Amino acid sequence: MSNHTCRLEQALLLVLLAFFSAAVLAHGVDDSTRSFLQQNSGVQFVPFLYIGAKHMLTGYDHLLFLVGVIFFLYKSRDVLLYVTMFTLGHSITLLWGVLGNIQVNAHLIDAIIGLSVVYKGFDNLGGFKRLLGYQPNTRLMVLLFGLFHGFGLATKLQEFQLPEEGLLTNLLAFNIGVELGQFAALAFILIAINFWRRLPSYERFATLTNTLLMSAGFMLMGYQLTGFAVL
Amino acid sequence: MDHSVNLSTLIKASVAATIVAVIALLTLILPAEYNIDPTGIGQRLGLTVLAQSAEASPVDPESVPESTESQQVLEITVPANKGIEYKLQMEQYDKVTYEWMTDGSSLYFDLHGEPEGDTTGYFESYAIATLDTMKGSFTAPFNGSHGWYWKNTSNNPVAIQLILNGQFQIIGIKP
């Protein structure tokens, strides 16, 4: 019993820490970036590259999903394959969403992105195999949720009426920036995870880590759905 | 991908994840982000000030920056046989004192305002005449763009000197 409460406390502490660090990196677009986006005109390749990379590196929702995706991928070939699926998914909808001027509610999309984190945590626990009796195609699911992440990226850019002039180039720069940011974030995550994997605690904490992942996903969902309801 | 926990652990994990998330949402996230504080804990931790200060601060960059008192002397040219519209962004009850004069010829003008966000093409005229100079002031009856439509029926461009005093943001020549 005391062992249980101890574990719960541990979990709570970790979640709180995760939350506070997340709050510091408030996930949106900061003020200086905002005023740049509102005043910019014409092709601005490097600035958009930078904004894309920064958005991904500070985007804890995307990063949590990535952590979930690569948590049990031990071969670099698999990591590459899954990350490519994710990249493919979010690039399609980022470009399509902005160029096609697809209007989706940012809160709902961000709630679905939260759901993708819950999904991945649950999936890593073998939840679908246990519950449905079979494993949904994980590659396809990563692609599918990648599509939603891309819409999320698109809504961040659509908040600003970006001028038509140079839109495609700016958008591509943003997209490339997102991939660079993802690559950089992935490098850190992989180093940390590979280091941790050598320790016996990795397996022992796998259940706890993925439970936390689910919990963080639920928090993102609650946060965004409330935002949808009140704003 | 072979980490598969047994059913009871799975249920425990899912329930624990949900409970932790709900607790964090109700006590921390919602109070801090939206000032929604059903438990009162957010208030006691002082987290609700975050959402309150966000509500109170006028730094929403999407809104028009607040008008400030300013003076501007502007030179505007109306091309031959063309009409142009020169507008100022003003909040309701902002006041502007103006004086304009042409380089000689008289122009037909319509000093008017259009409410912000209006799509019906509605506008309210404050003065319509054909003059080569005019001095006056007006107070914006609503938020929106306010200014002049000048029409040049001559075959030569006409230059206007416009002096503005008051609370406004220049939008400039509207196409």
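Since the model is a prediction, treat every value here as computed from it, not as a measurement.

### Description of the overall build of chain A
For chain A, the helix and strand inventory stands at 10 helices and 0 strands. Written out in order from the N terminus, the α and β elements of chain A read α-α-α-α-α-α-α-α-α-α. With 231 residues in all, chain A has 41% of them scored as buried. Excluding contacts between residues fewer than 6 apart, the proportion of contacts in chain A whose partners are at least 24 apart in sequence is 92%.

### Description of the overall build of chain B
Regarding its fold elements, chain B presents 3 helices and 9 strands. Counting helices and strands in the order they occur from the N terminus, chain B gives α-α-α-β-β-β-β-β-β-β-β-β. The buried share of chain B, reckoned over its 175 residues, is 26%.

### Focus: helix α5 (residues 76-99) of chain A
With 24 residues, α5(A) extends 34 Å from end C-alpha to end C-alpha; this agrees with the ideal 34 Å at 1.5 Å per step. The inward-facing, buried residues of α5(A) contact α4 (60-70), α8 (138-158) and α9 (167-197) of chain A.

### Here we look at the UniProt feature "transmembrane region" (unreviewed entry) in chain A
Look at the UniProt record and you will see "transmembrane region" (unreviewed entry) annotated at residues 50-72, 79-96, 102-119, 140-158, 170-193 and 205-225 of chain A. As annotated, residues 102-119 of chain A has a helix share of 78% and a strand share of 0%, and its two end C-alpha atoms lie 25 Å apart.

### Thoughts on the sheet that holds strand β9 (residues 169-174) of chain B
By way of backbone hydrogen bonds, the strands of a sheet pair with one another, either parallel or antiparallel. All names here are of chain B. If you trace the 5 strands from one edge of the open sheet to the other, you get β5-β4-β7-β2-β9, paired in antiparallel fashion. Both outer strands of the open sheet, β5 (124-131) and β9, are each paired with one neighbouring strand and no more. Strand-to-strand twist across the sheet, computed as the mean angle between neighbouring axes with direction ignored, equals 15 degrees. Where strand β2 (residues 83-90) lies against β9, 5 bridges are found, and the strand directions are antiparallel. Paired with E85 across the bridge in β9 is K174.

### Focus: the packing of α4(A) against helix α10 (residues 201-230) of chain A
Residues and elements named next belong to chain A. Two elements in contact, α4 and α10, have axes whose closest approach is 11 Å; the angle formed by their N-to-C orientations is 155 degrees. By the angle between their directions, the pair α4 and α10 is classed as roughly antiparallel. Read as a crossing pair, α4 and α10 show a hand that is left-handed. Here α4 contributes D61, L64, V67 and G68 to the contact with α10, which in turn contributes L213, A216 and L220. Among the residues forming the contact of α4 with α10, the class breakdown is 5 nonpolar, 1 polar and 1 charged.

### Remarks on the confidence of the model for chain B
All names here are of chain B. Mean pLDDT for chain B: 85, with 89% of residues reaching 70 or above. Element-level pLDDT for chain B is lowest in helix α3 (residues 48-56), with a mean of 76, against a maximum mean of 93 in helix α1 (residues 7-34). Predicted confidence is poor over residues 59-67, with pLDDT under 50, and the contacts of this stretch with residues over four places away or in other chains come to 14 contacts. As scored by the predictor, the complex reaches a pTM of 0.63 and an ipTM of 0.72.

### Describing α1(B)
At L25(B), α1(B) shows its maximal bend, which comes to roughly 50 degrees. Phi turns positive, to about 60 degrees, at N35(B), one or two residues after α1(B).

### Brief notes about the nonpolar core
Membership of the largest hydrophobic core comes to 64 residues, with the highest contact counts inside it found for L64(A), M219(A) and I29(B). Looking at this core, the elements with two or more residues in it are α3 (45-57), α4, α5, α6 (106-124), α8, α9 and α10 of chain A together with α1 of chain B. Broken down by element, this core gets its largest block of residues, 13 residues, from α1(B). In this structure L64(A) touches V117(A), L213(A) and A216(A), once residues within four positions along its chain are discounted. V78(B), Y86(B), L88(B) and A140(B) belong to the second-largest nonpolar core, a separate cluster that totals 15 residues.

### Overview of the environment of I128(B)
Topologically, I128(B) is positioned in strand β5. Given 11 C-beta atoms within 10 Å, I128(B) falls into the exposed group.

### Considering unusual backbone geometry
With the exception of glycine, the majority of residues adopt a negative phi angle, and the majority of peptide bonds are in the trans configuration. Residues and elements named next belong to chain B. One non-glycine residue, N35, lies in positive phi territory at about 60 degrees. Residue placement: N35 occurs in the loop between α1 and α2 (41-45). Residues other than glycine seldom take positive phi values, yet N81 does so here, at roughly 55 degrees. The topology assignment puts N81 in the loop between β1 (69-78) and β2.

Rules of the game
- Residues numbered from 1 in each chain as written.
- Chains lettered and ligands numbered in written order.
- Predicted model: local features only at pLDDT ≥ 70, side-chain atom pairs only at ≥ 80, totals over all residues.
- Helix = DSSP H or I, 4+ residues; strand = E, 2+ residues; numbered from the N terminus.
- Buried ≥ 20, exposed ≤ 12 C-beta atoms within 10 Å, placed from the backbone.
- Contact = placed C-beta atoms within 7 Å.
- Expected span 1.5 Å × (residues − 1).
- UniProt positions renumbered as here; feature names shortened; annotations may be inferred.
- Pairing = 2+ DSSP bridges.
- Axes fitted to C-alpha atoms, helices over the stretch in contact; angles between N-to-C directions.
- Parallel < 35°, antiparallel > 145°, perpendicular 65-115°, else oblique.
- Left-handed = near helix turned anticlockwise from the far one by under 90°.
- Nonpolar A, V, L, I, M, F, W, Y, C, P; charged D, E, K, R; others polar.
- pLDDT = per-residue confidence, 0-100.
- Bend = angle between axes of the 7 residues up to and from the residue.
- Core = buried A, V, L, I, M, F, W, Y, C linked by C-beta atoms within 7 Å.

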